[in-house]
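Residues per chain are reported as follows:
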Amino acid sequence: ENILSALRLWLSVYSIVSVMVNQSCPIHLDASGRPQWFDLLVSVGDHEELDMVLPSIGIQIWYDPGTAVAMSGQLLLH
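Residues numbered from 1 in each chain as written. Predicted model: local features only at pLDDT ≥ 70, side-chain atom pairs only at ≥ 80, totals over all residues. Heavy atoms only, no water.

Moving on, we get to the overall build of the protein chain. What the protein chain contains, in helices and strands, is one helix and four strands. Here the protein chain holds 78 residues, and 14% of them are scored as buried. Nonlocal contacts in the protein chain, meaning residues at least 24 apart in sequence, comprise 56% of its contacts between residues at least 6 apart. Total accessible area computed for the protein chain in this model is approximately 6600 Å², and 60% of it derives from carbon and sulfur atoms. (Helix = DSSP H or I, 4+ residues; strand = E, 2+ residues; numbered from the N terminus. Buried < 20%, exposed > 50% of the residue type's maximum accessible area, 1.4 Å probe, protein only. Contact = heavy atoms within 4.5 Å. Areas by Shrake-Rupley, 256 points an atom, 1.4 Å probe, with all protein chains shown as cover.)

Here's what the structure looks like:
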């Protein structure tokens, strides 16, 4: 019941929401949050030929509109 009362007050399971528009950034680790927390990155719009690179684990994926990636931004270079 405590969870239900908290959910009525807070509508998101995430503590922070950030929107980046037309953004490209160098490979990095996030400075905020905690290693055990997951970031949910979602690609929207009408762009083409965009990749998400996770060099720590040797992955490069297409990051087309509609793609969602859940990961720890403090543990994985991205």
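Nonpolar side chains collect at one region of the surface, where Ile27, Leu29, Val53 and Leu77 lie side by side and expose about 300 Å² of accessible area between them. By secondary structure assignment, the location of leucine 29 is in the loop between helix H1 (2–9) and strand E1 (39–42). (Patch = residues over 30% accessible without salt bridge, like charges linked within 9 Å, V, L, I, M, F, W, Y side chains within 5 Å. Salt bridge = Lys/Arg side-chain N within 4 Å of Asp/Glu carboxyl O.)

What follows deals with the environment of threonine 67. Along the chain, the position of threonine 67 falls in the loop between strand E3 (59–62) and strand E4 (68–71). With 26 residues separating them along the chain, threonine 67 and leucine 41 place their C-alpha atoms 8.2 Å apart. Ignoring sequence-local partners within four residues, the contact set of threonine 67 consists of Leu41, Val42, Ser43 and Trp62.

The backbone of glutamate 49 shows a phi angle near 55°, a positive value even though the residue is not glycine. For glutamate 49, a relative accessible area of 77% translates into the label exposed.

Further remarks concern the side chain of serine 43. Along the chain, the position of serine 43 falls in the loop between E1 and strand E2 (51–54). Its relative accessible area of 3% is what places serine 43 among the buried residues. One polar contact links serine 43 to histidine 47, side chain to side chain, over a distance of 2.9 Å. Setting aside anything within four residues of it in sequence, one finds serine 43 in contact with Tyr63, Asp64, Pro65, Gly66 and Thr67. (Polar contact = N/O pair within 3.5 Å; in protein donor to acceptor, adjacent residues only side chain to side chain.)

As a further point, take a negative patch on the surface. There is a patch of like negative charges on the surface, built from Asp46, Glu48, Glu49, Asp51 and Asp64. Turning to its location among the elements, glutamate 49 is positioned in the loop between E1 and E2. (Lys, Arg positive; Asp, Glu negative; His and termini not counted. Charge placed at Lys NZ, Arg CZ, Asp CG, Glu CD.)

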